[in-house]
Structure formats: structure tokens, C-alpha cells
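# Architecture and fold: a report
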Amino acid sequence: VMKATTDIITTKYGHIYFQGCVVHAMNLLLGDLAKAKWITDVLKKAKTIVKFIKKRHMPLAVFRKHEKKLSLVMSGKTRFGSNYLMVDRLLKVRQALQQSVVDEQWMSYVSGLRDTSKKKPRTISRDVKKYVLDDHFRQRCTNFQEWWHR
């Protein structure tokens, strides 16, 4: 529809130039650039952390006990910019995340989780703890921020 409308307007009014949606073009460009292995790895781990905490009552309650002001941000499928917001927020709440994954309530909750053939909450919880406490992952998140600002 937009292409047909553009053709009609530019044919009838030759002085009107169609630029297209710059935001959409930038989103596509950033999405393509972000296919680098190290970036996809950072985003996958960040999403695992956020999804695990936000979708479970107890981990979310423990996180909120340690971070009263900021909440976690999940990236959106259609907007690459939301990936930046997600990683940025993880860095801002890093201390609360670290306190959460070693909190007694968190560990008690995780010890009661059981993996099945379809769902692996216990395994995912171990991965979340590993990512949160991993300085290399934190540095990769910082690198992602720096890459974004270039």
C-alpha cells in the first residue's frame, strides 16, 4: 500500500521526493550488523536472564528485593533498539542481579526446580546464575554498548 501510494504521489507531484521510513531502515541495518557471533551470544544470554526472572514469581520477587527502582527490560522482536535497552538495563542492575542469584530464597526456589524432556528450568536457572556472575559476559555487554554508540 505504501509503495503504491508513493508511486501515485511522486508521479503526480514530481517535486515531492520519497525518503522511506528512516527508522525502519536503521532497524534493518542494525539488525544485519548485529548478526555477528559475539553480539548474538550477548543477546541470547541477556534474553535468557530477563526471561527467566520476569516469567517466574519467586526470582522476580527476589530481584525486586534487591532492586527497588529499576525493572528488567525484555527486547522486542521487531525493534533492534530494544536489545540495547535490555543490555543497558542488565548493566545498571548488575549488583542486584548478583545479589539475587546468591540469595537464600533464590537458591531454595532453584533447588525445587526439575527439568523435564520439554522444559529445563533447573538448567536454565544454572545458566542464569553463571551469566550473571560472569565478568566476561559483563564485559561483552559493555562492549555491546560501546559498539552501539559508534
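Further up the page is the structure itself.
Rules of the game
- Residues numbered from 1 in each chain as written.
- Predicted model: local features only at pLDDT ≥ 70, side-chain atom pairs only at ≥ 80, totals over all residues.
- Heavy atoms only, no water.
- Axes fitted to C-alpha atoms, helices over the stretch in contact; angles between N-to-C directions.
- Helix = DSSP H or I, 4+ residues; strand = E, 2+ residues; numbered from the N terminus.
- Parallel < 35°, antiparallel > 145°, perpendicular 65-115°, else oblique.
- Contact = heavy atoms within 4.5 Å.
- Nonpolar A, V, L, I, M, F, W, Y, C, P; charged D, E, K, R; others polar.
- 1 Å grid on protein atoms, 1.4 Å probe; cavity = no way out; pocket = protein on both sides within 12 Å on 5 of 7 lines; lining within 4 Å.
- Points joined across faces, edges and corners; volume = space filled by probe spheres on them.

### Points about the packing of helix α7 (residues 104-111) against helix α8 (residues 121-133)
Running from N to C, α7 and α8 point in directions that differ by 150°, and their axes come no closer than 9 Å. Overall, the two elements α7 and α8 adopt an arrangement that is roughly antiparallel. Between α7 and α8, the residues in contact are Trp106, Met107, Val110 and Ser111 and Arg122, Ser125, Val128 and Lys129, respectively. For the contact of α7 with α8, the class distribution of residues is four nonpolar, two polar and two charged.

### Points about empty space enclosed by the protein
In this approach the atoms are scanned with a rolling probe the size of a water molecule, which exposes any empty space left behind. All chains considered together, the criterion is met by one cavity of 30 Å³ or more. Put simply, the largest cavity is a space of about 100 Å³. What lines the largest cavity is Ile49, Leu90, Leu91, Arg94, Leu97, Tyr131, Val132, Asp134, Phe137, Arg138 and Cys141. Element by element, the count of residues in the lining of the largest cavity is highest for helix α9 (residues 135-149), at three residues. Here the residues of the lining of the largest cavity are counted per class, giving eight nonpolar, no polar and three charged.

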